[in-house]
Amino acid sequence: MIRLVAGNWKMNGSLVANRVLLDQLEASPGVEVAVCVPYPYLAQLQQRPGGLALGAQDVSEYAAGAYTGEVSASMLAEFGCRYVIVGHSERRALFGEQDVTVGRKARAALAAGVVPIVCVGETLAERDAGRVMAVIGRQLAAVLEVLGVAAMASVVLAYEPVWAIGSGSSASAEQVAEVHGGIRAWLVAHGVEAESVRILYGGSVKPGNAREIFAVADVDGGLIGGASLVAVDFMAICGAA
Ligand code: PEP
């Protein structure tokens, strides 16, 4: 399957800064590259380098109606979004997003033809307590419960250990291998066509560690935060995928 490297700009950018960044981005041969940008910039990103896919960072679980402040998946589709991140740990931790809500958001995205990038991952306390796959299994089960087995094969998963995000040091290759293998096995055990699910790694991926991480079995790409805002770094990471 073709690898995916998705940049998560988080709440960063400006019209001017985005244009400078975009002018330095280009498609990367053999790998799908996407940028997930704040909602107001979806219009600006209609003009972007060829071959660069567009994504958002959140979506409403609802299709339309009296939900002030929400943005629907069909709106994202109208702006050409191929992807939307759901269940990022920042949304879970800072905005109280529950496992079941993540599942409903993934369902809303798929219904509009937008592929959800479903983030899962444990905190450091959960890792220290030996609960990594228990936590991830719970997060995945909530999404599977909403989507069902067939649709579950259409999502992209991102393993993002909370303790590695923005910390400057990624999980080790051994840790990544163990969890990605565990996720693939979990999917198989639950009847999901696991081989068609891309499992991205996210958490302090940089040009200096990207090649090692992308060489790990069951890593099908990356979700890149901070480094996606620096064109030369993001392009180097895409080149390593
Ligand atoms: C992220 O927030 O999805 C992420 C992976 O961040 P960073 O690369 O900055 O750790």
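About the thresholds
- Residues numbered from 1 in each chain as written.
- Predicted model: local features only at pLDDT ≥ 70, side-chain atom pairs only at ≥ 80, totals over all residues.
- Core = buried A, V, L, I, M, F, W, Y, C linked by C-beta atoms within 7 Å.
- Buried ≥ 20, exposed ≤ 12 C-beta atoms within 10 Å, placed from the backbone.
- Helix = DSSP H or I, 4+ residues; strand = E, 2+ residues; numbered from the N terminus.
- Contact = placed C-beta atoms within 7 Å.
- Right-handed = clockwise from strand over helix to strand, strands pointing away.
- Pairing = 2+ DSSP bridges.
- Axes fitted to C-alpha atoms, helices over the stretch in contact; angles between N-to-C directions.
- Near = placed C-beta within 6 Å.
- Nonpolar A, V, L, I, M, F, W, Y, C, P; charged D, E, K, R; others polar.
- UniProt positions renumbered as here; feature names shortened; annotations may be inferred.

**Re the nonpolar core**
Right, so step 1: By size, the foremost hydrophobic cluster in this structure holds 69 residues, and its most contacted members are Ala 6, Val 84, Ile 117, Val 118, Val 143, Leu 157 and Ile 237.
Right, so step 2: Of the residues forming this core, the biggest block, eight residues, is contributed by helix H6 (residues 132–147).
Right, so step 3: For Ile 117, the residues in contact, after removing those within four places along its chain, are Ala 6, Tyr 83, Val 84, Ile 85, Val 86, Val 156, Ala 158 and Leu 223.

**Some words on the pairing of strand E2 (residues 31–36)**
Right, so step 1: Buried residues dominate E2, accounting for five of its six residues.
Right, so step 2: Note on the crossover from strand E1 (residues 3–8) through helix H1 (residues 15–23) to E2: the handedness is right-handed.
Right, so step 3: Pairing of E2 with strand E3 (residues 52–56), which is carried by four bridges, proceeds in the parallel orientation. Across the sheet, residue Ala 34 finds its bridge partner in E3, namely Ala 53.

**Here we look at the sheet that holds E1**
Right, so step 1: The strand order E1-E2-E3-E4-E5-E6-E7-E8 describes a closed barrel built from eight strands, whose pairing is parallel. Sheet twist, expressed as the mean angle between neighbouring strand axes with direction ignored, is 25 degrees.
Right, so step 2: Pairing between strand E7 (residues 199–202) and strand E8 (residues 221–224): two bridges, direction parallel. Bridging from a neighbouring strand, Gly 202 pairs with Leu 223 of E8.

**A word on the site of the ligand**
Right, so step 1: Among the 13 residues in the neighbourhood of the ligand, the closest are listed as Ile 165, Gly 202, Ser 204, Gly 225 and Gly 226.
Right, so step 2: Class assignment of the residues belonging to the shell around the ligand gives a composition of five nonpolar, seven polar and one charged.

**Structural notes on unusual backbone geometry**
Right, so step 1: In this model, Lys 10 sits at a positive phi of 50 degrees, which is unusual for a non-glycine residue.
Right, so step 2: Counting through the fold element by element, Lys 10 comes out in the loop between E1 and H1.
Right, so step 3: The phi angle at Asp 218 is positive, at roughly 70 degrees, despite the residue not being glycine.
Right, so step 4: As for its position among the elements, Asp 218 is in the loop between helix H9 (207–214) and E8.
Right, so step 5: On the basis of neighbour count, Asp 218 is assigned to the partly exposed category, with 19 C-beta atoms found within 10 Å.

**Some words on the UniProt feature "binding site: substrate" (unreviewed entry) in the chain**
Right, so step 1: As recorded in UniProt, the sites labelled "binding site: substrate" (unreviewed entry) are Asn 8, Trp 9, Lys 10, Gly 166, Ser 204, Gly 225 and Gly 226. Spatially, the listed residues are clustered: although they cover 219 residues, their C-alpha atoms lie within 13.9 Å of one another.
Right, so step 2: Counting through the fold element by element, Trp 9 comes out in the loop between E1 and H1.
Right, so step 3: When near neighbours in sequence (up to four residues on either side) are disregarded, Trp 9 contacts Val 35, Cys 36, Val 37, Pro 38, Ser 228 and Leu 229.
Right, so step 4: Classification of Lys 10 as partly exposed rests on a count of 18 C-beta atoms within 10 Å.

**A look at the UniProt feature "active site" (unreviewed entry) in the chain**
Right, so step 1: On the UniProt side, "active site" (unreviewed entry) is annotated at positions that read His 88 and Glu 160 here. Taken together, the annotated residues stretch across 73 residues yet fold into one region, lying no more than 8.3 Å apart by C-alpha.
Right, so step 2: Positionally, His 88 belongs in the loop between strand E4 (81–86) and helix H3 (89–94).
Right, so step 3: Exposure remark for Glu 160: the 26 C-beta atoms within 10 Å place this residue in the buried category.
Right, so step 4: Not counting the four nearest positions on each side in its chain, Glu 160 is found in contact with Ser 89, Cys 119, Gly 121, Ile 165, Gly 202, Gly 203 and Leu 223.

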